Amino acid sequence: MYSEYQHLIDLSDYPVEWWNGIADLAVDIRKNPEKYAHECDGKIMATLFYEPSTRTQMSFQTAMLRLGGRIIGFDNPATSSVSKGETLKDTTKIVSSYSDVLVIRHPVSGAAKAAALTAGCPVINAGDGGHLHPTQTLTDLVTLKVEKGRLDNLTIGLCGDLIYGRTVHSLCKAMSCFNNNKFVLISTPELKLPSYVKDIILANGCTFEEVSSLDEVIGTLDVLYMTRIQKERFASEEEYLSQKDTYILDTKKMTHAKYDLVVLHPLPRVDEITNEVDRDPRALYFKQAKNGVFARMALIMTIIKNQNPSEILKGRVYEGISCSNPHCITHSETYLPKSFRSNGDTLLECEYCDERKLI
Ligand code: NCD
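Residues numbered from 1 in each chain as written. Predicted model: local features only at pLDDT ≥ 70, side-chain atom pairs only at ≥ 80, totals over all residues. Heavy atoms only, no water.

Novice: Account for the nonpolar core, with residues named and values stated.
Specialist: Proteins that are soluble and globular tend to have nonpolar side chains buried together. The biggest cluster of nonpolar side chains holds 60 residues, and the ones touching the most others in it are Trp19, Leu138, Leu158, Met175, Phe183 and Ile300. In terms of residue count, the dominant contributor to this core is helix H11 (residues 285-303) (nine residues). Each of domain 1 (2-133 + 290-311) and domain 2 (135-288) gives at least three residues to this core. Beyond its immediate sequence surroundings of up to four residues, Leu158 is in contact with Val168, Leu171, Cys172, Phe183, Val184, Leu185, Ile186 and Tyr225. Val95, Ile104, Leu117 and Val123 belong to the second largest nonpolar core, which has 32 residues in total. (Core = buried A, V, L, I, M, F, W, Y, C linked by side-chain atoms within 4.5 Å. Buried < 20%, exposed > 50% of the residue type's maximum accessible area, 1.4 Å probe, protein only. Helix = DSSP H or I, 4+ residues; strand = E, 2+ residues; numbered from the N terminus. Domains from an automatic or database assignment. Contact = heavy atoms within 4.5 Å.)

Right under this line is the structure:
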């Protein structure tokens with residue numbers, strides 16, 4: 001299924017050179033922001049935030065304003081026609097007819113791709129459920145370029161909620177495209193990285209190890225990506241409470257880390273990094289959040305000029321087969337074609353949320 005526009009649903013929609021180039025452009029914008037002040041004069045960006053957000057929403061808005069454009073949108077679906085039962089398809093179709101680029105955050109996996117199917121302008125995925133968050137990854141890449149000077153030959157520890165952490169999924173997919181990166185996946189057995197992401201790391205020629213102790217590995221890391229345990233994605237409060245506070249980065253642990261470790265966190269932080277760590281020069285999460293504006297400026301000005309058609313659904317519908325992920329958009333927006341990619345003779349992958357299914 002084709003769309004008239006090229007969207008950013010996942011960084012892997014584009015060649016590495018494209019999105020690495022966006023990160024380079026962001027580094028230049030960071031140095032010379034005034035050079036880009038009129039790039040989007042007369043353009044309108046719509047933000048549809050169906051889920052809470054501070055940084056992502058405001059950095060997108062700031063980015064468009066700094067490029068000379070204007071913004072419309074909602075951050076509380078209860079005050080829009082969504083509360084009257086309007087489908088994602090209709091909301092997207094209408095709002096995209098008012099705007100030049102549409103940014104969507106949604107609690108359900110695959111929602112951004114679903115929105116792109118009917119949008120009349122490019123769509124940017126600002127986080128779809130526990131699935132992907134490509135613009136956070138652009139932010140992370142800019143931070144690593146600036147602070148580490150490279151995206152390759154890094155030992156990257158990812159700690160906490162690796163199962164639902166969409167920032168982690170997008171970051172692993174992106175960083176495994178660079179040479180000799182090693183991933184140290186630090187989580188409890190319940191919160192391990194989904195196997196489809198692990199397979200992508202391996203297919204891209206990188207390696208990973210799975211461990212449960214942060215103390216044991218912190219001294220080996222070049223980058224430590226801490227994450228919040230995402231209460232809102234758990235089936236019950238009990239399950240969340242059993243995972244909460246498993247990993248807390250404090251100044252004692254930092255004494256065992258390399259002198260040039262980079263500590264990142266997509267934020268918001270709850271209590272997985274103590275406030276004392278903020279004073280450590282290796283704690284770069286606030287700088288990282290600031291880089292989000294430059295990353296999004298680079299993305300918006302590029303994608304708004306991107307008026308080529310793109311193939312959104314590349315697989316096909318299999319008679320009687322639906323996605324087994326209860327958090328997939330195909331279950332709430334039932335008009336969507338239940339499209340799967342085939343991976344071998346017996347494995348199907350949902351095109352919206354990447355959930356795998358044996359047939
Ligand atoms: C993250 C998200 O929304 O996925 N935050 C963000 O966008 N900066 C991480 C989180 O909510 O824990």
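Novice: How would you sum up the environment of Leu313? Please name residues and give values.
Specialist: By the secondary structure assignment, Leu313 is in the loop between strand S11 (310-311) and strand S12 (316-317). Given a relative accessible area of 5%, Leu313 falls into the buried group. Considered as a pair, Leu313 and Arg341 are 28 residues apart in the sequence and their alpha carbons are 8.8 Å apart. With sequence-adjacent residues up to four places away left out, Leu313 is seen in contact with Met1, Lys113, Leu117, Pro337, Ser339, Glu351 and Tyr352.

Novice: Break down helix H6 (residues 166-175) for me, with residues and values.
Specialist: Burial analysis of H6 places 10 of its 10 residues in the buried class, the great majority of the element. Of the residues making up H6, those classed as buried are Arg166, Thr167, Val168, His169, Ser170, Leu171, Cys172, Lys173, Ala174 and Met175.

Novice: So what's going on with unusual backbone geometry? Which residues, and what values?
Specialist: Cis peptide bonds are those with omega within 30 degrees of zero, and the linkage from Leu267 to Pro268 qualifies with 10°. With respect to the helices and strands, Pro268 occurs in the loop between strand S10 (262-264) and H11. With a phi angle near 65°, Asp245 is a residue other than glycine that sits in the positive phi range. Tracing the sequence through the fold places Asp245 in the loop between helix H9 (237-243) and helix H10 (251-254). The partly exposed category is assigned to Asp245, whose relative accessible area is 38%. Within the element layout of this structure, Leu267 appears in the loop between S10 and H11.

Novice: I'd like a description of the environment of Glu86, backed by residues and values.
Specialist: Along the chain, the position of Glu86 falls in the loop between strand S3 (70-74) and helix H3 (88-98). On the basis of relative accessibility, which here comes to 31%, the residue Glu86 falls in the partly exposed class. If sequence neighbours within four positions are ignored, Glu86 has contacts with Ser81 and Thr91.

Novice: How would you summarise the domain arrangement of the protein chain if you had to cite specific residues and measurements?
Specialist: The domains assigned to the protein chain are domain 1 (2-133 + 290-311), domain 2 (135-288) and domain 3 (316-358). Carbon and sulfur atoms make up 58% of the surface buried where domain 1 meets domain 2, a total of about 2400 Å² over both sides. Seen at the junction of domain 1 and domain 2, the total is four salt bridges. We note a salt bridge from Arg233 to Glu51, for which the minimum N-O separation is 2.9 Å. Inspection of the region where domain 1 meets domain 2 yields 21 residue pairs in polar contact (both at pLDDT 80 or more). Taken together, the elements giving at least two residues each to the side of domain 1 that touches domain 2 come down to helix H1 (16-31), helix H2 (55-66), strand S4 (101-106), strand S5 (123-128) and H11. Among the elements that line the side of domain 1 that touches domain 2, the one with the most residues is H1, at nine residues. (Buried area = accessible area lost by both parts, 1.4 Å probe. Salt bridge = Lys/Arg side-chain N within 4 Å of Asp/Glu carboxyl O. Polar contact = N/O pair within 3.5 Å; in protein donor to acceptor, adjacent residues only side chain to side chain.)

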